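Breakdown of the fold
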Number of protein chains: 2
Amino acid sequence: MKPPLKIAIAGLGTVGAGVVKLIETNADVLASRCGRPLAVTAVSAKNRGRNRGIDISHARWFDDAAEMARTADAEVVVELIGGSDGIAKKVCDTAIAARRHVVTANKAMLALHGTALARAAESAGVVLAYEASVAGGIPIINALREGLAANKLSRVYGILNGTCNYILTEMLRTGREFADVLREAQTLGYAEADPSFDVDGIDTAHKLAVLTAVAFGAEVNFGGVYIEGIRHVSAQDIAYAGELGYRIKLLGIARRTEQGIEQRVHPCMVELASSIAHVDGVYNAVVAEGDFVGRTVFQGRGAGAGPTASAVVADLIAIARGNNAPAFAVPVADLVKLPALAMDRHIGAYYIRLMVRDRPGVIADVTAALRDEEVSLESMLQRGRSPEGAVPVVLTTHATEEAAMKRALARIAALKTVAEPPRVIRIEPLEH
Amino acid sequence: MKPPLKIAIAGLGTVGAGVVKLIETNADVLASRCGRPLAVTAVSAKNRGRNRGIDISHARWFDDAAEMARTADAEVVVELIGGSDGIAKKVCDTAIAARRHVVTANKAMLALHGTALARAAESAGVVLAYEASVAGGIPIINALREGLAANKLSRVYGILNGTCNYILTEMLRTGREFADVLREAQTLGYAEADPSFDVDGIDTAHKLAVLTAVAFGAEVNFGGVYIEGIRHVSAQDIAYAGELGYRIKLLGIARRTEQGIEQRVHPCMVELASSIAHVDGVYNAVVAEGDFVGRTVFQGRGAGAGPTASAVVADLIAIARGNNAPAFAVPVADLVKLPALAMDRHIGAYYIRLMVRDRPGVIADVTAALRDEEVSLESMLQRGRSPEGAVPVVLTTHATEEAAMKRALARIAALKTVAEPPRVIRIEPLEH
């Protein structure tokens, strides 16, 4: 058997400790699968004294993670600190400069610096691996870069944030409002004290930017992602979605067209018959559509120590076996730099919920605004009467350009009979 | 750029032609992803003159596929002839002996000779790759051997035969009987003229034997697979399944326990809430359960020229990149040879449909037989009365040992009031 693959781990939080535990627990099968043992030879974290329930006595301790990346007796540096810049970025840059392979779970860093990191790794002749950065335990990077590599992909989309999916699932199950369910998720540890990163769609956008790059062999373009979170999704909208045959999911969607690449993150109405409509709770899912393979769907746990450690160690196994593929499927020089498609040019169907004063002529005014912008109505639903207060009117449209939709909505919002800003959710047509 | 990877293809049926077409259509991205072009340098098939809609003018033609495997100017031989033995096997043996990599879609051959082929390939220092042999376009071999390789898997199961899944889906949708839907599937080309290979579960069993080997790092043991097809599933059973909150699916299931490995293929009642219950038509799905990753689900098209070509070319890309992993995840010497668990020892719940004469005391006799064998009843359903003819009685049991269930069923079948042989379908508990 070959000598061990020596590994330095920067960051010993939940995931870092999970990686150490996995390498220890499954040492026998890992050695057999890799043709050599995996050995954690160095570790670095903030607090040396903390009890993490793992044995790190055989590893050399570094207070300074960057120093470890530069000098440790290790072929691979695993970066599990997080954050797009700062120490995490320094650890990766230092490791690559010292010609060590890098394994990271850091989607924020990859979303902002992915192309530069891949270029540096390629020049240094080392691997940049990041299976754990997207969709937790689902081996989706491996699938896109290897399993589906024979295909030109046209679209990749998925549920990439467990917190949002948990909140939307609970809102559906209990009929409660966003703020209420968020508070509970925070108590249960499913949402952070500051939840904006998750619920405003930024985390999903980071992951989508990475997925897009590897799916289409394109430079990472986080700036090109349109982002909208789930804060404005109300219990009412979720109930109406059900009535109309939909579920509401926060999706990250990337589509390659002749004109460029569309990347968008926003709540979507997806048909009940689609596989993604039934991915609930903290599960993630990714759908990839290729020219030869057709539609493939991947589901699994999107976060947590176990699933994330599974993904990190999968990268270590590939390195131990000597396997390699370009970080984003093709050499950095071949990465395409396609224009980001503007959201105003997006063509799609829309769900609109208005709160209107229950007066004769309201619907005529609303439909006139839609007609004037050539937005074609698919259905209209007005439930309940309330001569005093506002009542909900729900509309769905046929496919229309987003710019026209926005102009029509501005006119509708300005109507005296419309009591609140219109709520809009895009209807996403998915193959079943 | 490195010189092309030279490829010889044995068999130019639907899949072979699909592979040639894919390599031609996506030549640009393939070269970029592999760091070298893929070049088909030799082909062999039965009928040289046939128009396949592909350009093979640059490839050398061989009438004798084994001769091609021995002498062609190629690093890789792709075997797409099929059949467990005969010429397909000879092509693979010859290619390995000539130190050429082998890519095959041949599950029957792998089910019967997988371990021997892997051993020969390992000794010769060449790759034995077979992504296309299981679940068509779903990159499940890659996922098990690489993406999930950090885990010890406890169970792997799936819908592995599109013909059976199409028939069961159509039976549910239309309420028609098996024979009727089979005939239609044959007309539409979804089922063979001789359908026994598919509908009797043999094809699923071949694929399961391969999956089991790579999932658990075990020698391929097709002989250890319990096999039961879908011929006896009736429209009535499908309707009752729906009423009880289940769908009927033909699953291949492999489970590793302390005692050995259980491999079984049979119709299963699966809860409507499980992801696999909603995999319909010609789609396949595989679920893998690992100690760190938890449950992961993979779905896609299980057959057809495009998806199968996608899988074959994924293997070629890995070879072109110089990537490699042992055929069944670990070196052949490390493959475990665990005993096959006997079906009589299987513990599970059962659905039983009896056709009984509508007389007082029938149910008492049936339940007494169950009690005597210590089979515990979960539910009982008797619909409709018919003083003259037979009426259906549907029972479900709690978990019990299959041997006890069989003894109870023998007693029940012998009752004078039981008009037809009892119909039994196992209820499979799946995580959601």
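Residues numbered from 1 in each chain as written. Chains lettered and ligands numbered in written order. Predicted model: local features only at pLDDT ≥ 70, side-chain atom pairs only at ≥ 80, totals over all residues.

Let's shift gears to the overall build of chain A. If you tally the helices and strands in chain A, you get 14 helices and 17 strands. When the backbone C-alpha atoms are referred to their principal axes, chain A occupies close to 80 × 45 × 35 Å. Per-residue burial over chain A gives 53% buried out of 432 residues. Of all intrachain contacts in chain A linking residues separated by at least 6 positions in sequence, the fraction that spans at least 24 positions is 76%. (Helix = DSSP H or I, 4+ residues; strand = E, 2+ residues; numbered from the N terminus. Buried ≥ 20, exposed ≤ 12 C-beta atoms within 10 Å, placed from the backbone. Contact = placed C-beta atoms within 7 Å.)

Turning our attention to the packing of helix H4 (residues 86-97) of chain A against helix H5 (residues 107-124) of chain A. Residues and elements named next belong to chain A. Axis separation between H4 and H5 bottoms out at 10 Å; the angle between their running directions is 10°. In terms of axis orientation, H4 runs roughly parallel to H5. The handedness of the crossing between H4 and H5 comes out as right-handed. Along the contact surface, H4 presents Ala88, Lys89, Cys92 and Ile96, while H5 presents Met109, His113, Leu117, Ala120, Ala121 and Ala124. Class assignment of the residues belonging to the contact of H4 with H5 gives a composition of eight nonpolar, one polar and one charged. (Axes fitted to C-alpha atoms, helices over the stretch in contact; angles between N-to-C directions. Parallel < 35°, antiparallel > 145°, perpendicular 65-115°, else oblique. Left-handed = near helix turned anticlockwise from the far one by under 90°. Nonpolar A, V, L, I, M, F, W, Y, C, P; charged D, E, K, R; others polar.)

A separate point is the packing of helix H5 (residues 107-124) of chain B against helix H10 (residues 202-216) of chain B. All names here are of chain B. Running from amino to carboxyl end, H5 crosses H10 at an angle of 55°, the nearest separation of the two axes being 8 Å. Regarding the angle of H5 to H10, the classification is oblique. At the point where H5 passes H10, the crossing takes the left-handed sense. Residues Lys107, Ala108, Leu110, Ala111 and Gly114 of H5 lie in contact with H10, whose contacting residues are His206, Lys207, Ala209, Val210 and Ala213.

Let's shift gears to the relation of the copies chain B and chain A. Once turned by 180° and shifted 0.0 Å along the axis, chain B lies on chain A with an RMSD of 0.0 Å. Such a combination of turn and shift is consistent with a two-fold rotation axis. The residues that chain B uses at the interface reappear at the interface of chain A in 100% of cases, marking a shared surface. (Least-squares fit on C-alpha atoms with pLDDT ≥ 70 in both.)

Right, let's talk about the environment of A:Gly242 for a bit. Residues and elements named next belong to chain A. Among the structural elements, Gly242 can be located in helix H11 (residues 235-243). A residue is classified by how many C-beta atoms lie within 10 Å of it, and Gly242, with 13 of them, is partly exposed. Linking Gly242 and Ala105, residues 137 residues apart in sequence, is a C-alpha distance of 36 Å.

Okay, the domain arrangement of chain A next. Splitting chain A by domain gives domain 1 (5-104), domain 2 (140-301 + 334-341) and domain 3 (346-427). For domain 1 of chain A versus domain 3 of chain A, the distance between C-alpha centres works out to 54 Å. (Domains from an automatic or database assignment.)

On to helix H11 (residues 235-243) of chain B. Residues and elements named next belong to chain B. Those residues of H11 that sit buried are Asp237, Ile238, Tyr240 and Ala241. For H11, the angular spread of the buried residues around the axis is 165°, confining them to a single face. Here the buried face of H11 lies against helix H7 (162-174), strand E9 (246-256), strand E10 (261-271), strand E13 (347-357), strand E15 (390-397) and strand E17 (423-427). At the exit of H11 stands Gly245, carrying a positive phi of roughly 90°. (Arc of directions from axis to C-beta.)

Facing 46 residues of chain B, the contacting portion of chain A comprises 46 residues. Of all the secondary-structure elements, those providing two or more residues to the side of chain B that touches chain A are helix H2 (27-34), helix H6 (140-147), strand E12 (294-301) and helix H12 (305-320) of chain B. Its residues assigned to classes, the side of chain B that touches chain A comprises 21 nonpolar, 18 polar and seven charged.

A word on the pairing of strand E5 (residues 101-104) of chain A. Note on strand geometry: in a regular strand, side chains alternate between the two faces of the sheet. Residue and element names in this part refer to chain A. Neither face of E5 is left uncovered, since the one carrying His101 and Val103 and the one carrying Val102 and Thr104 both have all their residues buried. Where strand E4 (residues 76-79) lies against E5, four bridges are found, and the strand directions are parallel. For Val77, the partnering residue across the bridge sits in E5 and is Val102. Handedness of the β-α-β unit built from E4, H4 and E5 comes out right-handed. (Pairing = 2+ DSSP bridges. Right-handed = clockwise from strand over helix to strand, strands pointing away.)

All names here are of chain A. Reading across from one edge, E3-E2-E1-E4-E5-E6 is the order of the six strands in this open sheet, with parallel pairing throughout. Here the strands that pair on one side only, and so sit at the sheet edges, are strand E3 (60-62) and strand E6 (128-129). Bridge count for strand E2 (residues 38-44) against E3 is three bridges, and the pairing is parallel. Bridge assignment links Ser44 to a residue of E3, and that residue is Phe62.

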